Structure formats: structure tokens, C-alpha cells
Amino acid sequence: MAMLFDLVAVPCFIFYIHKYPLWFSRLSYQITLSDSSPLQNEQVKLERVLKAASTKDKTVILTTLNEAWTTPNSILDLFLESFKIGENTKNLLSHLVISCIDHKAYERCLKVHPHCYALNTEGVDFSKEAYFGSPNYLKMVWRKIYYQKSVLELGYNFIFTDADIMWFRDPFTRFYESTDFQISCDNYLLNNSYDLHNNPNSSFEYVRSNNRTIRFYEFWYNSRLRYPNRYTQYVLHEIKHDPFIREIGLTIRFLNTLYFGGFCEPSKDFNQVCTMHANCCKGEESKLHDLGLLLDDWRNYKALSLSDKSSWNATWRAPEDCSIKKKLDRHHIPKKLEDEGKKD
């Protein structure tokens, strides 16, 4: 009887595979997904987005956003606008992956940009503005480092940029060759890109995917345990001198603020600036106001003739609301935020 069933069932099965191949391929795909772990599914989703946005040499531009920075007329809109009005930057938008750390941010991203990735963290609400030094801020920035490590492990080089950085020129022409890890800094010391005494700012980095950078990111992420309640830049400042860095042969260079400036140390030349960062500044309202000034100053510069541009020596109007006189101490956490942190 069993032999008779096999003689009938097997040919029928083969017939249906040939007759309805798409149905069986979908069934096979669904079985594969159901058997895989949530972590594997997330990796598949991430790789799909990275592949769609990648350049030919497997390089992507990454930024990470939450709801507070993605609502209409928010920092996201200024960020995207800078690409559109910059020199040779509009085409770079096709390589930008916006990683959203809450659902509302993801929903808005899908409306304004083709490459969006839901970077979820279970049990954490990242939708509100995360003030510097607050518990949610620390969770968010360390989640970012782990995410970047995952991108490197998938074989992709990346530029990471915070969204409060305006892109005015293609930065690839200003990156160093044969360097594993390049990072912006608040103050560029001694005109020396190799000087480890430069103060790194992890809001803008260019990282090549290789064994050295993967090991470095793993070391950086794990070092949060050595320096509890410290943010990523502080830990990087501590570990950049660690013997482990020399042991793995990682090359680190710091980006000149002439090309990659910010409110801490603005670029002094409109003819050479690539990016400007709203660093040394707290609060979304202050950033929005001063980033708007940057965009207006850039539009005025762009409207000039070539001869006028070459002799243009104006300075940025910003920082204004983010000025030294108005900004809060960068290491001060308001009492309200401290109380909120105790509730977490």
C-alpha cells in the first residue's frame, strides 16, 4: 500500500512543482524565514537596504534619527535640503540610508526618502529628543556603535553623519587614502591629522570595512563596560591610545576643520568647506535656528559669480542661538533629566 502511495504521490508532486514553480518557491521562502531567528531576519533586512543604497565599491552614507528630528520642518528636512543645494551632493542622496530608531521616525522617512531602515531597540523609547548625557542619550549612541559594527561585518564601508551636519560639498575628495578610520574633531590641533591629541567627534566618520575596523568597533563597543555611564566620544578619547589599537594595526586620522567644520571651530573658507556641524550646541530649537542660518549663508554664496566666490571672505552668521554665551555646559545634565534617568 505504501509503495502504491509513493508511485502515485511522487509523480504528482513533481508535476505540481513544474506546473506551479512560483507557488512552491514562495512556500520554500516562507519556511526558511519561519525557521530563522529574529536576528537573522534583521540582518537580511539590513543587507537588503545597504545593497540598494551602496556605491559600486560597497560604500554607504548612514545617519540615525528619531521622531523628534524627523517631524515636518525638523532637522531632517534641513539635512536633506543641504544635499540638494550643495555642490555635487544631490546624487549622494541615493547612497544615504536613514536608520530610524522609533516607528514614527520610520513612517516619516518612508515619505521623504527611498532608503529607510528600522533600527529597533526592544524596551527603549527613543522617540523624544535625547539630551546630551541623559540615560536615553547613552543608550542611543551605544546602539549606534553596535549598528555601525554590523554594517562593517556585512562588508560595507560607510560615512556616518549626524543629521545636524549640513553637506555643502562632496567629502570624498577630502578623505585620506589608505586610512581605516577617519573622524571629525571639535578642534583641529597642530595642523596634524595623525595627532591623537585631537578631540574626536563621532558625529562624522569615514570607515573602511576590513578586519582591523571590525575588531576596533568590537573593542570600542565592549569598552563601554570599562567606562560605565560614559558616552561614545569620551570612551573613544580614552581608548585611542590603547596598545590594542597598535596591535591590530588600525590607522586613525582626524579630519581638518577647514573642510569639516562646526560651531566649535567653523570652517573659515566657503570655497573649501564640505560640511558644517551644529556641535557645541544643545537643544533642537537652537540647532534648527542656526542650521537655517548656515543654509541661508550657503545660498547667498552659491548665488555669487565665480569671480566673486573666489574673493568671498565672509564668515558664517551661525552660531547665534548656539553661541558660547547661550549654550549650556556640555557636561551638565539638568536636574529634571537626572530625575527622569532615575526612573528608567
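Quick note: structure is the one above.
Right, let's walk through the structure included here. (Residues numbered from 1 in each chain as written. Predicted model: local features only at pLDDT ≥ 70, side-chain atom pairs only at ≥ 80, totals over all residues. Heavy atoms only, no water.)

**Re the sheet that holds strand β7 (residues 200-207)**
- Pairing is mixed in the open sheet, where 7 strands are placed in the order β3-β2-β1-β4-β7-β6-β8. Both outer strands of the open sheet, β3 (116-118) and β8 (252-254), are each paired with one neighbouring strand and no more. On average, adjacent strands in this sheet sit at an angle of 30° to one another, irrespective of strand direction.
- Bridging between strand β6 (residues 181-185) and β8 involves 3 bridges; their strand directions are parallel. Across the sheet, Q182 pairs through a bridge with R253, a residue of β8.
- Its contacts with the sheet place helix α8 (residues 232-239) against β6 and β7, and it is angled at close to 75° to β7. (Pairing = 2+ DSSP bridges. Helix = DSSP H or I, 4+ residues; strand = E, 2+ residues; numbered from the N terminus. Axes fitted to C-alpha atoms, helices over the stretch in contact; angles between N-to-C directions. Contact = heavy atoms within 4.5 Å.)

**Digging into the side chain of T70**
- Locating T70 in the fold gives a position in the loop between β1 (59-65) and α4 (75-85).
- A distance of 3.1 Å separates a polar side-chain atom of T70 from the backbone oxygen of N66. (Polar contact = N/O pair within 3.5 Å; in protein donor to acceptor, adjacent residues only side chain to side chain.)

**Things to note about the nonpolar core**
- With 92 residues, the main nonpolar core has F216 and W220 as its most contacted residues.
- The dominant element in this core, judged by the number of residues it contributes, is helix α6 (residues 135-153), at 9 residues.
- Ignoring sequence-local partners within four residues, the contact set of F216 consists of F181, L236, I239, I245, I248 and L250. (Core = buried A, V, L, I, M, F, W, Y, C linked by side-chain atoms within 4.5 Å. Buried < 20%, exposed > 50% of the residue type's maximum accessible area, 1.4 Å probe, protein only.)

**Some details on the state of the cysteines**
- If you walk through the whole model with that rule in mind, you get 3 disulfides.
- With its sulfur 2.0 Å from that of its partner, C281 forms a disulfide with C322. On the S-S bond that ties C281 to C322, the torsion sits near -50°, and the link is left-handed. With C281 in the loop between β10 (275-277) and α10 (284-302) and C322 in the loop between α11 (306-310) and α12 (335-343), this residue pair connects regions lying 41 residues apart in the sequence.
- Note on C100: no disulfide assigned, nearest cysteine sulfur contributed by C109 at a separation of 4.2 Å.
- With relative accessibility at 0%, the residue C100 sits in the buried group. (Disulfide = S-S within 2.5 Å.)

**Some details on α10**
- Its 19 residues give α10 an end-to-end C-alpha distance of 27 Å, which sits within 8% of 27 Å, the value for a rise of 1.5 Å per residue.
- Every buried residue of α10 is listed here: E284, S286, K287, D290, L291, G292, L293, L294, L295, D297, W298 and Y301.
- On the buried face of α10, the contacting elements are α4, β5 (165-167), β10 and α11. (Expected span 1.5 Å × (residues − 1).)

**Looking at the pairing of β1**
- Across the 7 residues that make up β1, a large majority, 7, are buried.
- Residues T59, I61, T63 and L65 of β1 are buried on one face, and the alternating residues V60, L62 and T64, pointing to the opposite face, are buried as well.
- Relative to strand β4 (residues 157-161), β1 runs parallel, the two being bridged by 4 bridges. Within β4, the position partnered with L62 by the bridge is F160.
- Relative to strand β2 (residues 96-100), β1 runs parallel, the two sharing 5 bridges. The residue of β2 that forms the bridge with L62 is V97.

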